[in-house]
Number of protein chains: 4
Amino acid sequence: MIIQFKEPLQRDIAQEIKAKLEALPSQVFLIRNHMAAMGVKAFDFTQKEASAIEQVTFDDPSFTLGSRQFQPEDTVIELPHTNIGGDNFTMMAGPCSVESEDHVRRMAKVAKAGGATVLRGGAFKPRTSPYSFQGLGEAGLKYLREAADESDMDVITEVMDVPHVDMVGQYTDIFQIGARNMQNFSLLKAVGKTNIAVGLKRGMSATLDDLLNAAEYIASEGNHNIFLIERGIRTFDNKYTRNTFDLAAIPVLRQLTHYPVIADPSHAVGEWDLVTPMANAAVAAGAQGEIVEIHDDPAHALSDGPQALKPKTYLEMTREVFALRKTMASFKATANVSD
Amino acid sequence: MIIQFKEPLQRDIAQEIKAKLEALPSQVFLIRNHMAAMGVKAFDFTQKEASAIEQVTFDDPSFTLGSRQFQPEDTVIELPHTNIGGDNFTMMAGPCSVESEDHVRRMAKVAKAGGATVLRGGAFKPRTSPYSFQGLGEAGLKYLREAADESDMDVITEVMDVPHVDMVGQYTDIFQIGARNMQNFSLLKAVGKTNIAVGLKRGMSATLDDLLNAAEYIASEGNHNIFLIERGIRTFDNKYTRNTFDLAAIPVLRQLTHYPVIADPSHAVGEWDLVTPMANAAVAAGAQGEIVEIHDDPAHALSDGPQALKPKTYLEMTREVFALRKTMASFKATANVSD
Amino acid sequence: MIIQFKEPLQRDIAQEIKAKLEALPSQVFLIRNHMAAMGVKAFDFTQKEASAIEQVTFDDPSFTLGSRQFQPEDTVIELPHTNIGGDNFTMMAGPCSVESEDHVRRMAKVAKAGGATVLRGGAFKPRTSPYSFQGLGEAGLKYLREAADESDMDVITEVMDVPHVDMVGQYTDIFQIGARNMQNFSLLKAVGKTNIAVGLKRGMSATLDDLLNAAEYIASEGNHNIFLIERGIRTFDNKYTRNTFDLAAIPVLRQLTHYPVIADPSHAVGEWDLVTPMANAAVAAGAQGEIVEIHDDPAHALSDGPQALKPKTYLEMTREVFALRKTMASFKATANVSD
Amino acid sequence: MIIQFKEPLQRDIAQEIKAKLEALPSQVFLIRNHMAAMGVKAFDFTQKEASAIEQVTFDDPSFTLGSRQFQPEDTVIELPHTNIGGDNFTMMAGPCSVESEDHVRRMAKVAKAGGATVLRGGAFKPRTSPYSFQGLGEAGLKYLREAADESDMDVITEVMDVPHVDMVGQYTDIFQIGARNMQNFSLLKAVGKTNIAVGLKRGMSATLDDLLNAAEYIASEGNHNIFLIERGIRTFDNKYTRNTFDLAAIPVLRQLTHYPVIADPSHAVGEWDLVTPMANAAVAAGAQGEIVEIHDDPAHALSDGPQALKPKTYLEMTREVFALRKTMASFKATANVSD
């Protein structure tokens, strides 16, 4: 059940209702003038209670807090150098792995030159094999932070487990939750207890409901600075692309949720020469930003070299993406013309 | 093996080589100054033969005739009112099914108004259930042809089996081969024996190699007026969209083959309010055209109503698509910047 | 709507009802004492009509004729040397392709020695590439028929298109419809007009509803001698097996339909050394038979060598399968213990 | 590289080689008389070194320690009441969630009566939604342990994150790593540092290589008491079954690895009336055990009720499974007949 209270909110009545609902029992959330009571499918309000209420709906999805029913307006995440969501378009770029202090600093400058305001870089790497490069660890985080600061950028980096949340949180503006950890519920709860923004990657075989329920694990702990990242799904079709980039997920998610939706064409396709057309397609599909991997020497990258854009290609890609974004901005909202 | 002969082609030498190759045995094709000999992985040329040859490659894929190795330049299909392929961008639109003489005529006018030069409409419908509407048959083809002629458009319509090829061919400019028939090899051979253009839809679980091999069945019979249609694949993710639109297939196919690549966002997503963002995404991904379904009263459409665009939405969609196409045209080719 | 008439059937009343239903309009089928009226969701019977009726249900699935609601008891297909369905267990074996008169004759003897009563062999081969071996054509059918007759076996062979139905029908006891043609609706209708049994293979990405609807195309034309073949589906997992063998489809289909369900472990896994464990698994899952490929010299088979069992392995496999079948037969029906 | 030393192992020479390899650098493991040096593709041995070596291979897969090349003989895990692997067949059963002290105790007795020697039960539940029942936590572990002890059984229960490893380890004989955590690499490393057996479930979209690489994360930390659980994968086909049970994974895994392979038909199909046929199929496919969910009142189970077997059905299922297992045991190994 979602209750939309009249404004201004009559807080005493809201608290009275909250207490009743929690006794049902139900988990109850009051955010601004909206209350969500999980699992409640019917409720009798007193006349006094009813007088404080604008609207009640019982058809909220399982991901109530993330739903448009709960919050119709877009979430906008405010970081020192970046706003994510709403009408903002955010470019995030950087190397797959932080490789050295010097390298990440140079890559930050390239990223910035292309219009990126968020620097990406992995210090803890979730690799398929235990014998692959696992990242520089905390040293990598330091280099990443310094490189970002030097270029006036914000930082996004992956946190892989609960014990690392505090430490990683000292260096980053955004926790990235990787595709393999999308349903690591303990980790979701742990970052949900912080006030650091979270970029949640869709799992390889996660439905959109799975993704939104995973986001709900974060939100239900109190952290609402969440954005979602479409990065390709696993299908039968993987000879020419690493994954299948599910671009229709972008407009679907934008209908279902108020969280920003960002595209990751690099992981979606896994081949550098397909990144630009897919980055372009993502903008046209309505993505509110992109996250891409860059490297000045992909052949010697410590991870994911084949999908990294060289600086020159990256700069050309961002030029195209921003031009398409501008064309897109000239259109009126069209989604509801038919009805 | 692909032999690229020097220009001008020394036809007698080419014929001599062809005879030797056919005796191996191999299926041999000579098109302009290119010869393909299927399955040949080594061959000793005489000095005289070698003198007529520019280049020989043995690494052609199984879909030799369709490959860029065999024909580097784009195929352009020329129809009375339309060119498909190369730098052309082709809009195809119309109702899912031809429903009546009057209806298809009105829909043709809408399609034309949005910039379409090809009218689509099904007269023979491949429906999952035998008890669903199966199409108007030959009467539907007549209405479709007349509607197209009246609006100076070309016709694309599905042919479902070998016995219908001749009859359907009397009414249409383009045979559509549906997704369910993509590996109906007898049908592919039959349309391959005509000189009518073929729009080949990717099967629901077809890899790109499967699709290109299916096209090869058509080409190997002599018909090279082929274009490919990406219309979504079947994956685990089908709650909010009917299929998963595999947009990365567009740039991949454009690298692999010289055939035009057209996008079908209507079938890919199956929901009208997702068609515009996906049509936009397809242009940005490099599609050389789109095929979409329109209907003035989707709720009463005889098939696929949920994915049909109403006229007003269709016109807004085409306005966006052509604007994005114009932006795209302003970019230089970027695919090979990195190397 | 399904009407179950009282026995003995009052034919005049049934015909009266049929006429009314057809006028709705609806497609109406009367088979023994069951009537199916497609798409009818409500109907007022006269008192006289009602008196002839045992039971009426409106919740039939789209594949009405194939459903257990329409025919609770198992279909049993009777061939000269074989019964398929019910408590029978049918082994079908033979080479992938008919390769020569002598070869198929020898393979028939091997097949028979292992307990097979149906000889398989392809004369028209649906190959991914047009340049692969396409089968011996009608000559192959003759060899196959003679080999089966010599060993007192029935024949199953693939028919690929409508124009071939009559000709292939002269040689075979069972039409096989291949996975790629599962939704070749014209072909389904054509074999539905014959009285020759049909073995319908599940398409690579067909849901079970798709499969049952495809069978309905055959049944709605009057041919009810249908069995279904599970042969693996296409998923992301194809490094070690050609397809993913969906064995749970066997008990699900046996709940939904009265048609026999046969397993094809050869195509499902595509590797000979996995065929025996999967053939065993299929029996244990409740398959009513198996169809497998055998070859005395797989390395030189004209198609699908890697999945062919050598005679010795085949004989060992059938020994295991029949032993497990015997163990299975010793169990009581267990599917409904819980409720 | 895998080095198989002659027996008896000359430990000083082995240590000398190990030191050289580690200096390359490489991660090096010496287990009994086998040494694995990760990533080493060539190495020059001195004559003295060579004299201590039986065989060297460089074609080990990325999951070296788990591979048959490294350890040809089956791993057998020895627990107080159970041996897992080799020719043993292990039944594991219990409720999805530990619901109460009394309930789990009663379920343990049912499980035992059906031949189970391992009691399963979740105290920490990875639920799609944060608002679903999350398990009883440590209290649940106590009840589970007591119930198992009372019935002379071993315990398997899920551990969900790194901070819980020590605590859960005080109660369980086997850590279960759930499908959603299969690539939670931090967790894999943490259980790898214990000496408690680990049952690793295949992820919903994990390839078999992914699964074996995940096991390698555990093994590379020193814990070799690992078994693998096939529990169904996510495909397009999910109307009648929750997942697609990939039974061919069982014989494939048994070829690739020495770890025991256990089947989980309950999660694979998600419907109780399909569990028995699939449990039977798993035995026939070569599974070395099964893990199933039971409940005396599925309609009121706190999680996964639809797939739980009632006691009577469970007892019938185990009767069938053990009978089929006995039939299977009567066959000779057949996998290599053809060659």
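Scroll up to find the structure this text is about.
A quick note: this is a predicted structure, and the numbers were derived from the prediction, not measured. (Residues numbered from 1 in each chain as written. Chains lettered and ligands numbered in written order. Predicted model: local features only at pLDDT ≥ 70, side-chain atom pairs only at ≥ 80, totals over all residues. Heavy atoms only, no water.)

## A few points about the overall build of chain A
The following threshold applies: Runs of H or I in DSSP of at least four residues are treated as helices and runs of E of at least two as strands, each being numbered from the N terminus. A 1.4 Å probe rolled over the protein chains alone gives each residue an accessible area, and that area as a share of the maximum for its type sets the label: buried under 20%, exposed over 50%, partly exposed in between. For this analysis, residues touch if any pair of their heavy atoms sits within 4.5 Å. Calculation of accessible area relied on Shrake-Rupley with a 1.4 Å probe; when residues are assessed, cover is drawn exclusively from the protein chains displayed. The positive count covers Lys and Arg only, the negative count covers Asp and Glu only, and His and the chain ends enter neither. Here the site of a charge means NZ on Lys, CZ on Arg, CG on Asp, or CD on Glu.
Per the secondary structure count, chain A includes 11 helices and 14 strands. Viewed in the frame of its principal axes, chain A has a C-alpha envelope of about 70 × 50 × 40 Å. The buried share among the 339 residues of chain A stands at 66%. Of the contacts made within chain A by residues no fewer than 6 positions apart, 68% connect residues no fewer than 24 positions apart. Accessible surface, chain A: about 11600 Å² in total, of which carbon and sulfur atoms supply 48%. Charge centroids of chain A, computed over 33 positive and 44 negative side chains, lie 2 Å from each other.

## What to know about the interface of chain C and chain D
We count it as follows: What gets called buried area is simply the loss in accessible area from a 1.4 Å probe that two parts show on being joined, summed for both. Any carboxyl oxygen of Asp or Glu that lies within 4 Å of a side-chain nitrogen of Lys or Arg is treated as forming a salt bridge with it. Polar contact is the term for a pair of N or O atoms within 3.5 Å; when the atoms are in protein, one must be able to donate a hydrogen and the other to accept it, and sequence-neighboring residues count only if both atoms are side-chain atoms. The classification used treats Ala, Val, Leu, Ile, Met, Phe, Trp, Tyr, Cys and Pro as nonpolar, Asp, Glu, Lys and Arg as charged, and all other residues, Gly among them, as polar.
Contact residues are listed per partner, giving 54 residues for chain C and 54 residues for chain D. Carbon and sulfur atoms supply 65% of the area buried between chain C and chain D, which totals about 4400 Å² over both sides. Here Asp237 of chain C makes a salt bridge to Arg202 of chain D, at a shortest N to O gap of 3.3 Å. Joining chain C to chain D, the criterion identifies nine residue pairs in polar contact (both at pLDDT 80 or more). Among the secondary structure elements, those contributing two or more residues to the side of chain C that touches chain D are helix 7 (208-219), helix 8 (249-256), helix 10 (272-285) and helix 11 (311-329) of chain C. When residues in the side of chain C that touches chain D are grouped by element, the largest group, 10 residues, is from helix 10 of chain C. A per-class count over the side of chain C that touches chain D returns 27 nonpolar, 13 polar and 14 charged.

## Some details on the pairing of strand 11 (residues 197-201) of chain A
Consecutive residues of a regular strand have side chains that alternate between opposite faces of the sheet. Residue and element names in this part refer to chain A. Applied cut-off: The handedness of a crossover follows from its direction of travel: if, with the strands pointing away from the viewer, the path from the first strand over the helix to the second runs clockwise, the crossover is right-handed. Strand pairing follows a simple DSSP-based rule, namely that at least 2 bridges must link the two strands.
Across the five residues that make up strand 11, a large majority, five, are buried. Alternating residues of strand 11 divide into Ala197, Gly199 and Lys201 and Val198 and Leu200, and every residue in both groups is buried. Regarding topology, helix 6 (residues 185-192) serves as the crossover connection from strand 10 (residues 174-177) to the parallel strand 11, and that connection is right-handed. The sheet contact formed by strand 11 and strand 12 (residues 226-230) spans four bridges and is parallel. When the sheet's bridge partners are listed, Gly199 is paired in strand 12 with Phe227. At this point the chain moves from strand 11, through helix 7 (residues 208-219), to the parallel strand 12, and the crossover so formed is right-handed.

## What about helix 8 of chain C?
With six of eight residues buried, helix 8 of chain C lies mostly within the body of the structure. Taken residue by residue, helix 8 of chain C has Ala249, Ile250, Pro251, Val252, Leu253 and Leu256 of chain C as its buried positions. Along its buried surface, helix 8 of chain C packs onto helix 7, strand 12 (226-230), strand 13 (261-263) and helix 10 of chain C together with helix 10 (272-285) of chain D.

## Examining the sheet that holds strand 3 (residues 34-37) of chain D
Residue and element names in this part refer to chain D. Worth spelling out the cut-off: Comment: axis = line fitted to C-alpha atoms, over the contacting stretch for helices; angle = value between 0 and 180 degrees taken between N-to-C directions.
Spatially, four strands are ordered 2-3-1-4 in an open sheet, and the strand pairing comes out antiparallel. In the strand order of this sheet, the two ends are held by strand 2 (28-31) and strand 4 (53-57), each with one partner. The mean angle between the axes of side-by-side strands here comes to 15 degrees, regardless of whether they run parallel or antiparallel. Across four bridges, the pairing between strand 2 and strand 3 is antiparallel. Across the sheet, the residue bridging to Leu30 is Met35, located in strand 3.

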